[in-house]
Amino acid sequence: MLSTPQLADEFKGRVIGPDDSGYDEARRVFMGAFDRRPALIVRAADAGDVARVIALARDRGLELAVRSGGHSSAGHGVSEGGVVLDLADMRALDIDVEGRTAWAEAGLTAGEYTTAAGEHGLATGFGDTGSVGIGGITLGGGVGFLVRKHGLTVDDLLAAEVVTADGQLLRADAESHPDLFWALRGGGGNFGVATRFQFRLHEVGTIVGGPLFLPATPDVIVGCVAAAAAAPEELSTIVNVMPGPPMPFLPEEHHGRPVVMGLMAYCGAVGDADRVLAPFRELAEPVADLVRPIPYPEIYGPEDPDYRPIAFARTGFADGVDRRLAETILERISASTAMMAATQIRVLGGAMERVPSDATAFAHRDKRIMVNVAALVPSADALSQQESWVAGLLAEVTQGDAGAYVGFLADEGEDRIRAAYPEATWNRLRQVKAQYDPDNLFRLNQNIPPASG
Ligand SMILES: Cc1cc2nc3c(=O)[nH]c(=O)nc-3n(C[C@H](O)[C@H](O)[C@H](O)COP(=O)(O)OP(=O)(O)OC[C@H]3O[C@@H](n4cnc5c(N)ncnc54)[C@H](O)[C@@H]3O)c2cc1C
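Below is a summary of the structure that appears in this document.

Conventions used here
- Residues numbered from 1 in each chain as written.
- Predicted model: local features only at pLDDT ≥ 70, side-chain atom pairs only at ≥ 80, totals over all residues.
- Heavy atoms only, no water.
- Helix = DSSP H or I, 4+ residues; strand = E, 2+ residues; numbered from the N terminus.
- Buried < 20%, exposed > 50% of the residue type's maximum accessible area, 1.4 Å probe, protein only.
- Polar contact = N/O pair within 3.5 Å; in protein donor to acceptor, adjacent residues only side chain to side chain.
- Near = heavy atom within 4 Å.
- Nonpolar A, V, L, I, M, F, W, Y, C, P; charged D, E, K, R; others polar.
- Phe/Tyr/Trp six-rings, centres within 6.5 Å; stacked < 30°, edge-to-face > 60°.
- Lys NZ or Arg CZ within 6 Å of the ring centre and 35° of its normal.

The next thing to look at is the side chain of Asn372. For Asn372, the position within the fold is in strand 19 (residues 369-376). Judged by its relative accessible area of 10%, Asn372 is buried. Engagement of the side chain of Asn372 in a polar contact is seen with the side chain of Thr315, the distance being 2.9 Å.

Around the ligand, the surrounding shell holds 32 residues, and the nearest of these are Ser68, Gly70, Asp128, Val143 and Tyr405. Between the ligand and Ser72, the relevant distance is 3.0 Å, taken from an oxygen atom to a main-chain nitrogen or oxygen of the residue. Here an oxygen atom of the ligand and a backbone polar atom of Asp128 are 2.7 Å apart. Sorting the residues of the shell around the ligand by element identifies strand 3 (64-67), helix 5 (134-140) and strand 10 (193-200) as the ones contributing at least two each. Its residues assigned to classes, the shell around the ligand comprises 13 nonpolar, 16 polar and three charged.

Before going further, it helps to spend a moment on the packing of aromatic side chains. Taken as a whole and assessed by the stated rule, the structure comprises 10 aromatic pairs. Aromatic side chains Phe126 and Phe199 sit 5.4 Å apart centroid to centroid with 85° between the ring planes, which places their arrangement in the edge-to-face category. Within this pair, whereas Phe126 is found in the loop between strand 7 (122-123) and helix 5, its partner Phe199 is found in strand 10, the two being separated by 73 residues in sequence. Three or more aromatic residues joined by ring pairs form one cluster here, namely Tyr113, Phe126, Phe197 and Phe199. In this arrangement the basic side chain of Arg185 is found over the ring face of Phe181, its NZ or CZ atom lying 3.8 Å from the centre. A cation over a ring is seen here: Arg196 above Trp103, with NZ or CZ 4.2 Å from the ring centre.

We now examine the environment of Thr360. For Thr360, the position within the fold is in the loop between helix 11 (351-354) and strand 19. Using a relative accessible area of 2% as the deciding quantity, one classes Thr360 as buried. Considering only alpha carbons, one finds Thr360 and Gly187, 173 residues apart in sequence, at a separation of 8.7 Å. There is a polar contact of 2.9 Å between the side chain of Thr360 and the side chain of Arg365.

Below you can see the structure in the form of structure tokens.
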């Protein structure tokens, strides 16, 4: 039994046990299906605290959950009966405007970082949601609104500070611990706790972005994917086929009925945006067109801090979307019994594709499209009812491509973790794991077992 008052003296940050006020709030993660009760939560104040939590978990043989933004689809940010190392109070950000770089502590969210960098007209690309932690998204890869122009988040990672399983604070970059640096860029939380990241910043001031709602027809879906692939790299898109949200800007007849919501982010010259976006707008009369010049940080819309979705979701890659597949997607979305069901299509390429596949642990560089199929349900009991619907539609969309993006994996077993890494990447990751975490202390994650022998 861990004594919280006794342990509190050992840490600079807050120590929260099951009897403390704020325990329920502190154990909550983003995905609503996870209701786990850790023995202890430490909100680390600095790298010293991080090292002490690691030592505590290691010495007492406790499961260790490492959490930055808490958005893991597998619920890896919280342990049942173990220790949670929560980095959310470590959110210092030091921007070098002249040098176009930033040191960011891992507890920052993508939205916080983007807002602060945006004040200087600068940005690093993260994902599509502001509340996602920079810790998890960076270590997984990071596919977002700048992916075609500037690549993945890891492509802008210049260095990281990491506390390893033996408590050492290491700097990993191209010169120092290069193997660790390679592994951190896509290998997830397997190698240590990242306390700080150094990112490259790009000039991204006003962009033309926002949602474009189009009628959900097979031709519109096919056309959107083709237009996204043909667009200049300055345009990254996320196309969702989903029921229209009951929002005032959407005519009522579309509420709850399938629509195509294309999230547009054009970071080229504002004056060119109409021309670049015309192929989408010409597909059909838009149902609602909210695409407009905005400061880049506004691409992250407001979020309800109490939103805790319960979803069955699966991810994969696809080569293209033809008319037959578009018809299937529409039929399945219309027939879904879930509270909300969506197919998300992200056309990749551009800067992401130009990085050699062995340069980072994110190796799926040549994939053309990333897809997610998700079904939202009212309670965790209803999750299993959606499994076959989600898996069935994913199989239609991916057409035999067995690859996966580690950042979107739920708790799906070893085969799916392996699907995130081609054989050579997997073997190299296992070697690096054996070097930095031979006893697999960091195992509550998309786990890469240490190479043996
Ligand atoms: C609503 C939503 C939208 C998303 N959109 C995108 C998107 O557009 N693009 C994209 O690429 N991904 C996206 N993701 C996936 C997201 O990148 C991953 O779930 C990511 O792991 C979340 O990071 P986190 O820090 O918030 O999560 P956490 O649950 O805190 O962390 C997830 C795991 O990462 C590891 N980890 C986190 N921080 C550290 C650290 N500092 N040191 C060591 N290990 C650590 C741990 O293993 C941890 O279990 C989205 C997820 C959600 C829920």
